[in-house]
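Residues per chain, in single letters:
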Amino acid sequence: MTSDHSSYAAEMSSDEPKSADLQPASSGGSFSHRSISSNTWRANSIKEVGVIELGSKGGVRYGSRKGGSSSMSMSRREIRDEDSRLVYVNDPVKSNESLEFAGNSVSTSKYNVLTFLPRNLFEQFHRVAYVYFLIIAILNQLPQLAVFGRFASILPLSMVLLVTAVKDGYEDWRRHRSDRIENNRLSSVLVNNTFEQKKWKDIQVGEIIRFSANDTIPCDMVLLSTSDPTGVAYIQTINLDGESNLKTRYAKQETLRIHEVEKSSGVTIKCEKPNRNIYGFLGTMEVDHKQVSLGPSNIVLRGCVLKNTSWAVGVVVYTGMETKVMLNNSGAQSKRSHLEARMNREIIILSFFLVALCSIVSILAGIWLRRHRDELDIMPFYRRKDYSGEDVDNYKYYGWGMEIFFTFLMSVIVFQIMIPIALYISMELVRLGQAYFMIRDDNMCDESTNSRFQCRALNVNEDLGQIKYVFSDKTGTLTENKMEFQFASIFGVDYNGEKTEFYGEQGGYYAEVDGLILKPKMKVGVDGELVRLLKTGNDTNIGKQIYDFFLALASCNTIVPILEDTSNTAEKLIDYQGESPDEQALVYAAAAYGFMLIERTSGHIVIDVLGDRQRFNVLGMHEFDSDRKRMSVILGCPDSTVKVFVKGADTTMFNVIDKSKNKDVITATESHLHAYSSVGLRTLVMGMRGLTSQEFEQWRSSYEAATNALMGRARLLRKVAINLETNLSIVGASGIEDKLQQGVPEAIESLRMANIKVWVLTGDKQETAISIGYSSKLLTSKMTQIIINNNSTDSCKRSLEDALIVSRKATTSGENPRLLALIIDGTSLVYILDSELEEQLFELASKCAVVLCCRVAPLQKAGIVMLIKNRTNDLTLAIGDGANDVSMIQKADVGIGISGQEGRQAVMASDFAMAQFRFLVPLLLVHGHWNYQRMGYMILYNFYRNAVFVLVLFWYVLYTAFTLSTAINEWSSVLYSVIYTSIPTIVVGILDKDLSRTSLLNHPQLYGSGQKQESYNGTLFWLTMADTLWQSMVAFFIPLLAYRKTDIDGSSIGDLWTLAVVFLVNLHLAMDVTTWTWIIHASIWGSIVATIICVIIIDVIPILPGYWAIFHLAGDGSFWFCLIAIIVASLIPRFVLKTVIQRYRPSDIQIMGEVEKFGDLNESGSAEIEMNQPQR
Amino acid sequence: MMNSNPSTPMNAHAPSSSSGGAGSPDSNAPRRNSKRPKYSRFTQQELPACKPILTPKWVISAFMLVTIVFIPIGLTSLLASRDVVEIIDRYDNACVQGSKSQKVQHIQSQTTNKTCVRSLTVTKRMKQPIYVYYQLDNFYQNHRRYVKSRSDNQLRNLGDENDTSSCKPENDANGMSIVPCGLVAWSLFNDTYSFSTSNNSQLAINKRHISWKSDRDEKFGSDVFPKNFQNSSFIGGGRLNESLPLNEQEDLIVWMRTAALPTFRKLYGKIEVDIEAGETINVVLENRYNTYSFSGKKKLVLSTTSWLGGKNNFIGIAYLAVGGLCFLLATTFTIIYLVKPRHLGDPNYLSWNRNPGGH
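How each quantity is defined
Residues numbered from 1 in each chain as written. Chains lettered and ligands numbered in written order. Predicted model: local features only at pLDDT ≥ 70, side-chain atom pairs only at ≥ 80, totals over all residues. Heavy atoms only, no water. UniProt positions renumbered as here; feature names shortened; annotations may be inferred. Helix = DSSP H or I, 4+ residues; strand = E, 2+ residues; numbered from the N terminus. Buried < 20%, exposed > 50% of the residue type's maximum accessible area, 1.4 Å probe, protein only. Areas by Shrake-Rupley, 256 points an atom, 1.4 Å probe, with all protein chains shown as cover. Contact = heavy atoms within 4.5 Å. Buried area = accessible area lost by both parts, 1.4 Å probe. Salt bridge = Lys/Arg side-chain N within 4 Å of Asp/Glu carboxyl O. Axes fitted to C-alpha atoms, helices over the stretch in contact; angles between N-to-C directions. Parallel < 35°, antiparallel > 145°, perpendicular 65-115°, else oblique. Left-handed = near helix turned anticlockwise from the far one by under 90°. Pairing = 2+ DSSP bridges. Disulfide = S-S within 2.5 Å. Phe/Tyr/Trp six-rings, centres within 6.5 Å; stacked < 30°, edge-to-face > 60°. Lys NZ or Arg CZ within 6 Å of the ring centre and 35° of its normal. Polar contact = N/O pair within 3.5 Å; in protein donor to acceptor, adjacent residues only side chain to side chain. pLDDT = per-residue confidence, 0-100. Core = buried A, V, L, I, M, F, W, Y, C linked by side-chain atoms within 4.5 Å. Patch = residues over 30% accessible without salt bridge, like charges linked within 9 Å, V, L, I, M, F, W, Y side chains within 5 Å.

- You'll find chain B entered in an unreviewed UniProt entry as ALA-interacting subunit, with Deinandra increscens subsp. villosa given as the organism.
- Looking at chain B in UniProt, the text filed under Sequence similarities (unreviewed entry) is "Belongs to the CDC50/LEM3 family."

- The name given to chain A in an unreviewed UniProt entry is Phospholipid-transporting ATPase, with the source organism recorded as Deinandra increscens subsp. villosa.
- Taken directly from UniProt, the Catalytic activity (unreviewed entry) text for chain A runs: "ATP + H2O + phospholipidSide 1 = ADP + phosphate + phospholipidSide 2."
- Recorded in UniProt for chain A, the comment headed Cofactor (unreviewed entry) runs: "Mg(2+)".

**What about the overall build of chain A?**
In step 1: From N to C terminus, chain A includes 37 helices and 37 strands.
In step 2: Across the 1176 residues of chain A, 63% fall into the buried class.
In step 3: Total accessible area on chain A is roughly 43,000 Å²; 56% of this is exposed by carbon and sulfur atoms.

**Observations regarding the interface of chain A and chain B**
In step 1: Between chain A and chain B, the residue contacts involve 128 residues of the former and 116 residues of the latter.
In step 2: Summed over both sides, the interface of chain A with chain B buries roughly 11,100 Å², with 59% coming from carbon and sulfur.
In step 3: Interface area lost by chain A to chain B is led by Phe381(A), Phe1121(A) and Arg1143(A), which between them contribute 7%.
In step 4: Between chain A and chain B we count seven salt bridges in total.
In step 5: With its nearest N and O atoms 2.5 Å apart, the salt bridge here joins Lys51(B) to Glu1156(A).

**Section: the packing of helix α17 (residues 693-708) of chain A against helix α18 (residues 713-724) of chain A**
All names here are of chain A.
In step 1: At a closest axis distance of 8 Å, the pairing of α17 and α18 adopts a crossing angle of 165°. Between α17 and α18, the angle is such that the two are roughly antiparallel. At the point where α17 passes α18, the crossing takes the left-handed sense. Contacts between α17 and α18 involve Trp-699, Ser-702, Tyr-703, Ala-706 and Thr-707 on the former and, on the latter, Arg-713, Leu-716, Leu-717, Val-720 and Leu-724.

**A look at the sheet that holds strand β4 (residues 208-212) of chain A**
Residues and elements named next belong to chain A.
In step 1: Across the sheet, six strands lie side by side as β3-β2-β4-β13-β5-β11; this open sheet has antiparallel pairing. At either margin of the open sheet sits one strand with a lone partner, and together these are β3 (194-199) and β11 (299-300).
In step 2: Pairing of β4 with strand β13 (residues 311-318), which is carried by five bridges, proceeds in the antiparallel orientation. The residue bridging Arg-210 from the neighbouring strand is Val-313, located in β13.

**A few points about the state of the cysteines**
In step 1: Applying the stated criterion across every chain yields a total of two disulfides over all chains.
In step 2: Across the disulfide, Cys167(B) is cross-linked to Cys181(B) (sulfur-sulfur distance 1.9 Å). Placement of Cys167(B) in the loop between α5 (152-156) and β4 (172-173) and of Cys181(B) in the loop between β5 (176-177) and α6 (183-186) is noted, with a sequence separation of 14 residues between them.
In step 3: Disulfides within chain B link the bonded cysteines, taken in sequence order, as 1-2, 3-4.
In step 4: With no disulfide of its own, Cys219(A) lies closest to Cys304(A) among cysteine sulfurs, the gap being 11 Å.
In step 5: Free of any disulfide, Cys853(A) has its nearest cysteine sulfur in Cys854(A), 7.3 Å distant.

**Considering the sheet that holds strand β29 (residues 681-691) of chain A**
All names here are of chain A.
In step 1: Read from one edge of the open sheet, nine strands run β19-β18-β30-β29-β28-β27-β26-β25-β24, paired in antiparallel fashion. Whereas interior strands pair on both sides, the edge strands pair on one side only; in this sheet they are β19 (493-495) and β24 (595-600). Mean inter-strand twist for the sheet, computed between neighbouring axes without regard to direction, equals 30°.
In step 2: Strand direction decides the pairing type here: β29 and strand β30 (residues 729-740), joined by eight bridges, are antiparallel. Along β30, the bridge assignment pairs Leu-684 with Ser-734.
In step 3: Running over the sheet, helix α14 (residues 581-592) touches β18 (479-490), β24, β27 (630-636), β28 (642-648), β29 and β30 and is turned about 50° from β18.

**Remarks on the pairing of strand β33 (residues 820-825) of chain A**
Residue and element names in this part refer to chain A.
In step 1: Counting buried residues along β33, six of its six residues qualify, which places the element largely inside the surrounding structure.
In step 2: Sheet analysis places strand β32 (residues 784-788) next to β33, joined by five bridges and oriented parallel. Paired with Thr-784 across the bridge in β33 is Leu-820.
In step 3: The pairing of β33 with strand β34 (residues 850-854) spans five bridges and is classified as parallel. Paired with Leu-822 across the strands is Val-851, a residue of β34.

**Points about the packing of aromatic side chains**
In step 1: Counting across every chain of the model gives 62 aromatic pairs over all chains.
In step 2: Residues Phe139(B) and Tyr289(B) carry aromatic rings whose centres are separated by 6.3 Å and whose planes lie at 40° to one another, so their mutual orientation is tilted. Taken together, the positions of Phe139(B) in the loop between β3 (130-137) and α4 (144-147) and Tyr289(B) in the loop between β10 (280-286) and β11 (297-303) put the pair 150 residues apart, joining distant regions of the chain.
In step 3: Using a relative accessible area of 1% as the deciding quantity, one classes Tyr289(B) as buried.
In step 4: Here the guanidinium or amino end of Arg383(A) rests over the ring plane of Trp186(B), the centre of that ring lying 4.3 Å away.

**Overview of the UniProt feature "transmembrane region" (unreviewed entry) in chain B**
Residue and element names in this part refer to chain B.
In step 1: Mapped onto the present numbering, the UniProt feature "transmembrane region" (unreviewed entry) falls on residues 58-80 and 317-339.
In step 2: Between the end C-alpha atoms of residues 58-80 there is a gap of 33 Å, over a span that is 100% helix and 0% strand.
In step 3: Along residues 317-339 one finds 100% helix and 0% strand; the C-alpha atoms at either end are 33 Å apart.

**Quick word on the environment of Asn313(B)**
All names here are of chain B.
In step 1: Structurally, Asn-313 can be placed in the loop between β11 and α9 (314-339).
In step 2: For Asn-313, a relative accessible area of 35% corresponds to the partly exposed category.
In step 3: For the pair Asn-313 and Leu-79, spaced 234 residues apart in sequence, the C-alpha to C-alpha distance is 8.8 Å.
In step 4: Among all residues touching Asn-313, those that are not within four sequence positions of it are Leu-78 and Ser-81.
In step 5: Side-chain polar atoms of Asn-313 contact the side chain of Ser-81, separated by 2.6 Å.

**Topic: the confidence of the model for chain B**
Residue and element names in this part refer to chain B.
In step 1: For chain B, mean pLDDT is 84; residues scoring 70 or higher make up 88% of the total.
In step 2: Scored below 50 in pLDDT, residues 1-35 shows 66 contacts in the model against residues more than four places distant or in partner chains.
In step 3: Note on the complex model: pTM 0.80, ipTM 0.89.

**Notes on the pairing of β4(A)**
In step 1: As judged from the two bridges shared by strand β2 (residues 186-191) of chain A and β4(A), these two strands associate in the antiparallel manner. Within β4(A), the residue paired with Val189(A) across the bridge is Ile209(A).

**A look at the nonpolar core**
In step 1: Formed by 204 residues in total, the largest nonpolar core has its most connected members in Trp368(A), Phe415(A), Phe943(A), Tyr193(B), Phe195(B) and Trp255(B).
In step 2: One finds Val758(A), Ile823(A), Val894(A) and Leu350(B) within the second-largest nonpolar core, a separate group that totals 58 residues.

**Some details on unusual backbone geometry**
In step 1: The omega angle of the peptide bond from Gln128(B) to Pro129(B) is 0°, so this bond is cis rather than trans.
In step 2: The residue Pro129(B) is located in the loop between β2 (115-121) and β3 in this model.
In step 3: That bond from Val179(B) to Pro180(B) is cis: its omega, -10°, falls within 30 degrees of zero.
In step 4: Looking at the secondary structure, you find Pro180(B) in the loop between β5 and α6.
In step 5: A positive phi is found at Ser640(A), a non-glycine position, where the angle reads about 60°.
In step 6: Of note, Ser640(A) is situated in the loop between β27 and β28.
In step 7: For Ser640(A), a relative accessible area of 64% gives the class exposed.
In step 8: Of note, Asn200(B) is a non-glycine position whose phi angle comes to about 60°, a positive value.
In step 9: Within the secondary structure layout, Asn200(B) lies in the loop between β6 (192-197) and β7 (202-203).

**Description of a nonpolar patch on the surface**
Residue and element names in this part refer to chain A.
In step 1: Where nonpolar side chains cluster on the molecular surface, the patch consists of Val-1089, Ile-1093, Ile-1097, Val-1100, Ile-1101, Ile-1103, Trp-1108 and Phe-1111 and spans about 630 Å² of accessible area.
In step 2: Among the elements that line the nonpolar patch, the one with the most residues is helix α34 (residues 1078-1099), at three residues.
In step 3: With respect to the secondary-structure elements, Trp-1108 resides in the loop between α34 and α35 (1109-1114).
In step 4: We classify Trp-1108 as partly exposed; its relative accessible area is 31%.

In structure tokens, the structure reads:
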């Protein structure tokens, strides 16, 4: 019995097709780019691989179908020679002679010792910030423009470069190390007819490798044979796509004995060029002049682990960097945060300021030069002429026009930090710190799976604080995707009794095989009535029907039982591995009732039926596809009858069930199904019929013909299946509960209170979706539901118009408008999205508190996200767990992957990954709020901090004949943004908390401050700039006026200005800090102390002009008076404004801060007395 | 602990936290999974913290504190400034008459007699020490070309005599390095003053220690002697005594501490006797320094000092202004808080409680 199943099948629920649905439609184009990510802030570990690159188009076709059909349809197309590679089996020399295929050594590292410097520098200079620094530094090297000394001018840039290079180098060293370990692993390779150990890096294309159970596969190989006589091998792909269940791979019948050397000569494999599609493979093998087609089920990929199969042999087709896992080794695409985009606008304004300042200086310099043009030669402080040489010529004077031009460039150098380019670097550091705290947050750490929050992208942290729309997947995101069998409807009888009892004793049902006790790994509660019937009514009609039902559950699936050892040697646990959680639930349920699947090979299954071990021959299997939405298995029973069991979605099953028989059973089952789905259960219908030997023979011949067909195999198989699956009699139906995740209703309630609109996009049926909506508190009975469920453009248009009228009424009627809920299905969306109806849908949706989209395809999910993104500036967040959510995760402003049951594709595409939906609440309401508030403040503060310094320099330039000399020492100018003021802003950006976690969680409305952009907006920017102007004037003019007409020297007053500005800027920050922890204390006061130390160090170097200036200055009373006056006078306007706002227009955050501090006095009269007595 | 909002969802995962902001960690938290690190206040961002809030009491106290500190400082510094006696005499135009070119010609000529006599009347008793400054106006000692044109290495180390590259265009003359090089030294101020009282008794000027001790000790070498100075065709200012090391040339040391602003004073010397009010001081000065060619002004300043330095009312006025302003603000806020107090931390002020239903 040949089984040539395609590998990804078995999606058996009535639910959306899940992980297997994302078969790429084409093998070329969208998968051909092999970008290795160069994101320097994140190490790409070799483990984090395996995402299918879902381009914005192409990769997924709406409604693209199962792996079987698409890969088969590809096989119809001949592989052209130029697109293929030819592998001579067991002949690596010949395989590699024409084209040098890559060796099997991998290198995930970016640099080696020689290339490190140039390549790292090259990559670093991809950032605008560094290029700006570099240009300024280069300008400064021109002798005409040398404002700063050589060394001082390159110090900031070189420090940043050095820090980044050290970090990159360290990461790369770790990659080198892991590569080396990886490359030196051993595998047994067939050399000269014996298997020898060989290092992975020496493996070549064409070699035959043998590997045993639990071996990691070193390269991509075509399976030749396995320990199973039919050629089945089970592999675990957790390293590839994160899915922990076992997948079946098949060796071709023709190659089962090929590793016996004499047979392998002359066998060639022709396959496609290496590509990154881990679910696709296309090739043919020529064995004995016979063409055998190869599909994705015939290859095993590097990184997979062989399981449950004692050995397997394969031939290497792709090696090293050309393996699919390595080609997929790229990071998530980068998004840019909303706040940063907003900030760039203000940076452009700042560059206009910069140009304006420079223009003013150069124009005034031009005027000054013109007015004094006759005196330039003789002025002692200009003296244009150089008399030292033979000829008297001009020294450093290039004509009036050029002088103006040079003055302009010099002023750009002097005022360079007006554009706070270092802010980009600070922002990255702050995000790194914020990510650290998000990852470490205990409240976002799932205890049961031990998985922490993951930050995969580092540039959208602050967007988390401004989200307005959440698009959520349902299965696996709101629910656990851990299916639990709940209700059975068997032949029209509903068994839904209490599920508390277990079969027999509390240990549950177990089977004894060869002295071993076998127990299912997961216990399922059983219905007492059903158990009683099973035990007693063996010969009754009901007993038979129940027997058939559970036999269907236990057999009609692709589950592989795996025995696990327990502490007790006589006892083993059976773990049912399979790709569909629904199937697992059904098999566990069957086992709990005594129908325990014990063994599966490709030819037969063994089921322990109530203690009686029975062997069923699996004569054939028609796997699930999303056209039929059902699967069937043909069983040869021990009593040598042949039966076909079918299970599938109700919609398609009732079409193939013989309605003439048992009419009342069918109606009863239908009503049970309705009842099940309205409490949110996923339903499946089971049917069966016996086959006469004639029917069986007829089926077998057509089945064999179809499986052996080279062309259109999938289509033929489907036809065979459809012919077989007719006139079934109903067996029963099951209701499987997909439990809501813990805390989902509370989380949704919090999000709603935070004024975040939650949209659920699901592939489920409308009824299931609505019932989940109710149980998750998304829908309440107080809401008016608008349901749009049409299948033509016109009817969609009509219902949209009606709905809009309803919505207008609802929102305008009375003072307590009813909340609206929109429920729309995928078919309607087909007509609405990308048409003129989109606008109406948007209008309607924006009026609705809740939107539920059911029966949506993956690309439609992205389309819905774009519907909002294209029309508003509101930020969107998409959260999902499956491959079908990847498109929306990538499209939304923030994408979150749930690392749950369904593999890692969603996680790979996401910006953040977490284990549970409810973590969204702390993530958004707490971390998002903090991140936004911190980042917004930090940006404004950095603008201020740099501008105030630049303006102080600018005012001084007006007193130096516009010649850009600075009283502030050049070292201080350079160190200002590196040492004097940089640390506190980063620390505050990471650590300051405006409100405590408790308040933020208890009052989700506080999230509104981010949505309303309260921490960063145009008004704040201009206010900050006005404040900056005032503060710079105070800081500059108080010393100027105090030391006017004295013998003060430039260095001394420069020191005064330096200290004044640094004190001022740090105290300004201190005034705005809300939560003073010791770290913030240390950073702010530490910076001030560090500044004083630096100024002192600079002033004890005798060859600098300012030698000893600070000591002379500090001995003078006016210095201290100036310093105090500057700080007080500069901060008064800001302080007054803060006080007035707090008195007259307090923000929610301020009030909540007061509640935090004084709240319990109001409430409980706690013993803790605060210092707020007077106003009470 | 949080109050009043009926719709507050219970969140079981919020850590218990006291209202002071410092969370009270559950120190006896159950032993967690092995991979999971211990509860740490740091990683949970629950470090003990102080959360200052602008309560009316704090605001008013802050303003009052500033008032109380600033007004007395302002008054005392105004008084101090008032006690300082300062005599300023602009002499550049008084000593040379004529058009600009005539003045320039006069000052540049080697032969003209540049001696000039001025008499100053002391209006108020001047207590010793009386500082004698010269004040230059419109002289950009902070000009970029000028401040850069010096070699601090050369001034300090004998060995660095030829380290003159930064001194251009006054780095060498006649093929030899100039010591001290650069425009700053080259333009050394060289007017001299001598004082006598009306009864013709000479007033001694002490020119010792008019420069910073640190400069004499470290910045100017005791073994570096002037060399080749003012030897080029274009002479900028004063000459130096080539037999004295640089660290004893105090006029040069003072001059080379370049001024911050285009109007500046430099110490010339000290008169160490008191001068009574009503006395007239006769000043005999050698008016050699050329400020005429660029319309600079030269003034002679005699000034006593107070504990706060010279005569300058600015600090006093500024302190009084700031102090007064803060007093005004303090009273304004007191009135505001008394007339219309806002209950701090009253949840009824929260936006969603002010207009219920309006999300």
